[in-house]
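Here is what each chain is made of, one letter per residue.
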Amino acid sequence: MEHASAAAIVDVHGKVAGWSEGARRLTGYPAEEAVGRPARDLLAHDAPPGAVSALSGTALIRHRDGSTVALPLRGCPLLGADGAPCGYAVTAHPQDDPALTGESFRQASLAMSVHDTRHRYLRVNDTARRMLGMPEEDLIGRSLPEVMAEIDADASGFLHHLRQVTDTGRPHRYETFMPATSRMGEYAWTIEMWPVRDASGAVTAVSVAGYESTGQYRARERLALLNEAATVIGTSLDVVRTAEELVGILVPRFTDFAGVDLLDWVLGADEPLAVPAEDIVLRRVAHESAAEGLPKPSVRLGDTDVYPSCSAPARALREGRPVLTGPGDPDFDRWMRVRNEQVPANRPFRDRISSTLAVPLRARGTTLGVATAMRVAPRDPFVPDDIALAEELASRAAVCVDNARRFARERSTALALQHSLLPRGLPGQSAVEVAHRYLPSGSAAGLGGDWFDVIPLSGSRVALVVGDVVGHGIPSSATMGRLCTAVRTLADVDLPPEELLTHLDDLVAHLAADGGGEVGELGATCLYAVYDPVTGRLTLASAGHPGPALVLPDGTARLVPVSAGPPLGVGGLPFEATEEVLPEGSVVALYTDGLVRDRDGGTDHATAELCRALTTPAHSLDALCGCVLKAVMPEQPGDDVALLLARTRALGGDQVATWDVPPDPAHVAAVRQSAIEQLTEWGLDEAAFVTELVVSELVTNAIRYGAPPVRLRLIRDRTLICEVSDGSSTSPHLRRAHAYDEGGRGLLLVAQLTQRWGSRQTADGKTIWAEQPLPEEPGR
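Criteria and thresholds
- Residues numbered from 1 in each chain as written.
- Predicted model: local features only at pLDDT ≥ 70, side-chain atom pairs only at ≥ 80, totals over all residues.
- Heavy atoms only, no water.
- Helix = DSSP H or I, 4+ residues; strand = E, 2+ residues; numbered from the N terminus.
- Buried < 20%, exposed > 50% of the residue type's maximum accessible area, 1.4 Å probe, protein only.
- Contact = heavy atoms within 4.5 Å.
- Areas by Shrake-Rupley, 256 points an atom, 1.4 Å probe, with all protein chains shown as cover.
- Pairing = 2+ DSSP bridges.
- Axes fitted to C-alpha atoms, helices over the stretch in contact; angles between N-to-C directions.
- 1 Å grid on protein atoms, 1.4 Å probe; cavity = no way out; pocket = protein on both sides within 12 Å on 5 of 7 lines; lining within 4 Å.
- Points joined across faces, edges and corners; volume = space filled by probe spheres on them.
- Phe/Tyr/Trp six-rings, centres within 6.5 Å; stacked < 30°, edge-to-face > 60°.
- Lys NZ or Arg CZ within 6 Å of the ring centre and 35° of its normal.
- Disulfide = S-S within 2.5 Å.
- Polar contact = N/O pair within 3.5 Å; in protein donor to acceptor, adjacent residues only side chain to side chain.
- pLDDT = per-residue confidence, 0-100.
- Salt bridge = Lys/Arg side-chain N within 4 Å of Asp/Glu carboxyl O.
- Core = buried A, V, L, I, M, F, W, Y, C linked by side-chain atoms within 4.5 Å.

1. Details of the overall build of the chain
Inference 1: Each helix and strand counted, the chain has 20 helices and 32 strands in total.
Inference 2: Considering the chain as a whole, with its 780 residues, one finds that 45% of them fall into the buried category.
Inference 3: A fraction of 60% describes how many contacts in the chain between residues 6 or more apart in sequence connect residues 24 or more apart.
Inference 4: Surface summary for the chain: the accessible area is close to 37,900 Å², and the carbon and sulfur share equals 52%.

2. Overview of the side chain of serine 728
Inference 1: Examined against the element boundaries, serine 728 turns out to sit in the loop between strand S30 (719-726) and helix H20 (746-753).
Inference 2: When sequence neighbours within four positions are dropped, the list of residues in contact with serine 728 reads Gly706, Ala707, Gly765 and Lys766.

3. Focus: the environment of serine 200
Inference 1: Within the fold, serine 200 resides in the loop between strand S9 (187-197) and strand S10 (203-212).
Inference 2: Its relative accessible area of 63% is what places serine 200 among the exposed residues.

4. Quick look at the pairing of strand S5 (residues 85-92)
Inference 1: With six bridges connecting them, strand S1 (residues 6-11) and S5 associate as antiparallel partners. Looking at S5, one finds that alanine 7 is bridged to threonine 91.
Inference 2: Sheet topology note: the strand S4 (residues 68-79)/S5 ladder contains seven bridges and is antiparallel. Looking at the pairing, cysteine 76 lines up with alanine 89 of S5.
Inference 3: Taking the residues between adjacent antiparallel strands as the criterion, S4 and S5 are bridged by five residues, where glycine 83 takes a positive phi near 85 degrees.

5. Points about the sheet that holds S30
One key point about sheets: their strands pair by backbone hydrogen bonds, in either a parallel or an antiparallel sense.
Inference 1: With antiparallel pairing, the five strands of this open sheet are ordered in space as S28-S29-S30-S32-S31. Two strands in the sheet have a free side with no partner beyond their single neighbour: strand S28 (656-661) and strand S31 (756-762). Averaged over neighbouring strand pairs, the angle between their axes works out to 15 degrees when direction is ignored.
Inference 2: Two elements, S28 and strand S29 (residues 710-716), share six bridges in a ladder whose sense is antiparallel. Across the sheet, threonine 658 pairs through a bridge with arginine 713, a residue of S29.
Inference 3: Strands in contact with helix H19 (residues 688-705) are S28, S29, S30 and strand S32 (765-773); relative to S30, the strand with the most contacts, it is inclined by about 15 degrees.

6. A closer look at the sheet that holds strand S2 (residues 16-19)
Inference 1: As summarised here, the arrangement of the five strands in space is S2-S1-S5-S4-S3, forming an open sheet in which the pairing is antiparallel. This sheet does not close on itself; its edge strands, each paired only once, are S2 and strand S3 (56-62). Sheet twist, expressed as the mean angle between neighbouring strand axes with direction ignored, is 35 degrees.
Inference 2: Here seven bridges tie S3 to S4, and the two strands are oriented antiparallel to one another.

7. Considerations on empty space enclosed by the protein
Any space left empty among the atoms is revealed by the rolling of a water-sized probe across them.
Inference 1: Enumeration over the complete set of coordinates arrives at three cavities of 30 Å³ or more.
Inference 2: Taken as a whole, the largest cavity encloses approximately 300 Å³ of empty space.
Inference 3: Together, 22 residues line the largest cavity, and Phe257, Arg284, Ser298, Phe349 and Met374 are the ones closest to its centre.
Inference 4: If you list the elements that add at least two residues to the lining of the largest cavity, you get strand S11 (257-262), strand S12 (280-289), strand S13 (304-307), helix H11 (330-342), helix H12 (347-351) and strand S16 (366-376).

8. Considering the packing of aromatic side chains
Inference 1: Under the counting rule described, the total for this entry stands at three aromatic pairs.
Inference 2: Ring plane angle 85 degrees and centroid distance 6.3 Å describe the contact between phenylalanine 332 and tryptophan 335, whose orientation is recorded as edge-to-face. With phenylalanine 332 and tryptophan 335 both in helix H11, this residue pair falls three residues apart, about one helical turn. This pair shows no difference in class: phenylalanine 332 is buried, exactly as tryptophan 335 is.
Inference 3: Positioned above the aromatic ring of phenylalanine 254, the side-chain terminus of arginine 375 is 5.4 Å from the ring centre.

9. With respect to the state of the cysteines
Inference 1: Inspection of every chain in the model, using the stated rule, returns zero disulfides.
Inference 2: Lacking any disulfide linkage, cysteine 625 is separated from the closest cysteine sulfur, that of cysteine 627, by 9.4 Å.

10. Focus: the side chain of threonine 190
Inference 1: Tracing the backbone shows threonine 190 in strand S9.
Inference 2: At 3.0 Å, the side chain of threonine 190 forms a polar contact with the side chain of serine 213.
Inference 3: Not counting residues within four places of it along the chain, the set of residues in contact with threonine 190 comprises Arg173, Tyr174, Glu175, Ala209, Gly210, Tyr211 and Ser213.

11. Some details on the confidence of the model for the chain
Reading fine detail from the predicted coordinates is not recommended where pLDDT is low.
Inference 1: Scored by pLDDT, the chain comes out at a mean of 84, with 87% of its residues at no less than 70.
Inference 2: No element of the chain has a lower mean pLDDT than helix H3 (residues 51-54), which averages 68, and none a higher one than strand S14 (residues 323-325), which averages 94.
Inference 3: For the stretch residues 516-520, pLDDT sits under 50, and the model shows six contacts to residues farther than four places along the chain or on other chains.
Inference 4: This stretch, residues 738-743, has a pLDDT under 50; its non-local contacts, to residues over four places away or in other chains, come to five contacts.

12. Things to note about the pattern of salt bridges
Inference 1: Under the definition given, this model contains 41 salt bridges.
Inference 2: As a salt-bridge pair, glutamate 103 and arginine 106 come within 2.6 Å of each other at their nearest N and O atoms. With glutamate 103 and arginine 106 both in helix H4 (residues 98-107) and three residues apart, this pair spans about one turn of that helix.
Inference 3: Assessed through its relative accessible area of 34%, glutamate 103 is described here as partly exposed.
Inference 4: One salt bridge connects arginine 647 with glutamate 433, and the closest N-O pair in it is separated by 3.2 Å. In this pair, arginine 647 sits in strand S27 (residues 641-648) while glutamate 433 sits in strand S17 (residues 432-439), placing the two residues 214 residues apart along the sequence.
Inference 5: Of the residues examined, arginine 647 reaches a relative accessible area of 27% and is grouped as partly exposed.
Inference 6: Taken together, the shared-partner salt bridges connect Glu103, Arg106, Asp126 and Arg129 into one network.

13. Quick word on the environment of aspartate 380
Inference 1: Structurally, aspartate 380 is set in the loop between S16 and helix H13 (384-421).
Inference 2: Its relative accessible area of 26% is what places aspartate 380 among the partly exposed residues.
Inference 3: Separated by 125 residues in sequence, aspartate 380 and threonine 255 place their C-alpha atoms 10.0 Å apart.

14. Things to note about the nonpolar core
Inference 1: Core analysis: the biggest nonpolar cluster contains 56 residues, and Leu246, Phe254, Val260, Leu361 and Leu393 have the highest contact counts within it.
Inference 2: It is H13 that contributes the most residues to this core, nine residues altogether.
Inference 3: Sequence-distant contacts of leucine 361, that is, excluding residues within four places in its chain, are made with Leu246, Val260, Leu262, Thr366, Thr367, Leu368, Gly369, Val370, Ala371, Ala394 and Ala398.
Inference 4: Grouped together as the second largest cluster of nonpolar side chains are 29 residues, Leu679, Trp682, Leu714 and Cys722 included.

Spelled out as structure tokens, the structure:
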């Protein structure tokens, strides 16, 4: 009785006298409701004829919840002490029904089969036969590889797992994907395998059950594609590279062919244009094919093509939504006829197209182009879920393309601004021979604010300037332009390097305050150096900028030690000047930190490499620039690089004449005569008249209004320079003399007769100077 699924005791009067827990589970009646009730009340229908006398049969039991339960029942008489029947023990035993089991196997929605240990088919159900496309008699007894070869399916994976279950006796589960080339089509299947054992426990067969999981498989594939796209698309701020990354994601996992076509203005610096209403001209920037035997795309990379209004790309652009089309669609068929007429060689490929999906590339409300995907037979056409995936991928790519377009446009603008502000042709001067390089950054941060300049000063001197503005992009370029202009203006005033940087520091602080930003956001570094070819003296000061490198004529190279002051804009701290006396032929290298930054080994190693590179033999200073950049510059500099090389020249004693002038007006005539004689020695008699007037006026003013010592200096360089120095710091200025004034016309005459004139402050007072062009040599 304990082995029965359910048991009940029925007395001779037909009432229930006992009730097991199994009976409660089967019928829902607890013992207190069943015991004492007539057994007939529990039947939904009368027992079948003969069942009572046979004490065996299937009865329909009324469940407590009102439903009907069919139970196989068996009765066993119970005898009393006198041997007479006193009741019956009724049990319900689960019965094996081979016919029912067989039908369940045959009609199962899963594809099921049984294989012997040699992997031959023993049994196969209807679903498996439909999947394989073969009747049962063609399967039974045949080996798995033989059947799979017949339906063009790869059996290696299936056979491997089948052998694994046979050999190990352990169940196994895996997922497989059937390609579109197989007879079963492009489907994913989840396969369950388990061993079938005999009474001794030995494996005699392997049962297999599989169900189609194409939906789940493709959903995972789409999710994996989206995850990969998030890391693959948009790795650079390059429009074409971004389009190539989109195509690489689509082919081959999503489609057999993919192409990206952009409107022409996207690749330029123009403003966005409206999409034409009719035929659309697009430029092919990326494409890729995956299917074997496909011809080369009819549109070459970089070329434009006209898409008729019936084509999927034109419709997608015009309607601003994805367009799914294929054979049978009138617009698609018309488009294919046009393409076959234009490029007949690719007609076999077009005849195989099963589906075409065109998705517009739109970002921030602007249409940039279109991505087109095509599948060819036997691959399944696109489905609605594919459209959603393509839209998501195209949306990500469009934002990246738009970012790249905006970056390229801003970079182009900033580069044009920088080129307009940087010196195109360095001004004529004789103090130094110069060569320079400016390499804009190619990083995603954009162009920096590096700049350099060479500014002629009075007395044949020259100013060498290099600087770097914090940040990147157009704001940095604009700030660079302001600072470059300010340096030229302050240099024209002939301020010493440390004073010039002090004024520049104030300017940066004011610019930051006027713009409402922090000083650090508008900060900059600058190195300002002045070289005097008469004395060979280099005077320089730094505002947070690295000091220059120096190569002497004997080939030794070193860094010039400078007192690096604070960056511009900090304010409140002084700048200090450093002086070096340079022999003629020395090379001074000024540079921005982009040249020596981002290198293995650090800045010290890079500056040592710079010094070594500057000693490289080169036939010209310009060639030396190239050698330095090749040896020192990082492979991918993260910032702009500016390099300015200057080889010093010297003005010899035969080009400079100096006289100390006693502070007495009576000596003016003698000094004037000495100057005339010097001009005669130089062969500049034609300049004698103007020079005589300039010397007379400037020396007289120095004696009358200045303070000793008074000194006259003539310099024969590219121009004839007359300088008069005195111990007073009061600078002269032009004024308009009235008709009856006895004086006040001297400086006005000097300004009218010379090319330019001015004054500069010195450590001992001031110097007034005037330049006039040299007379042309005879025959020129």
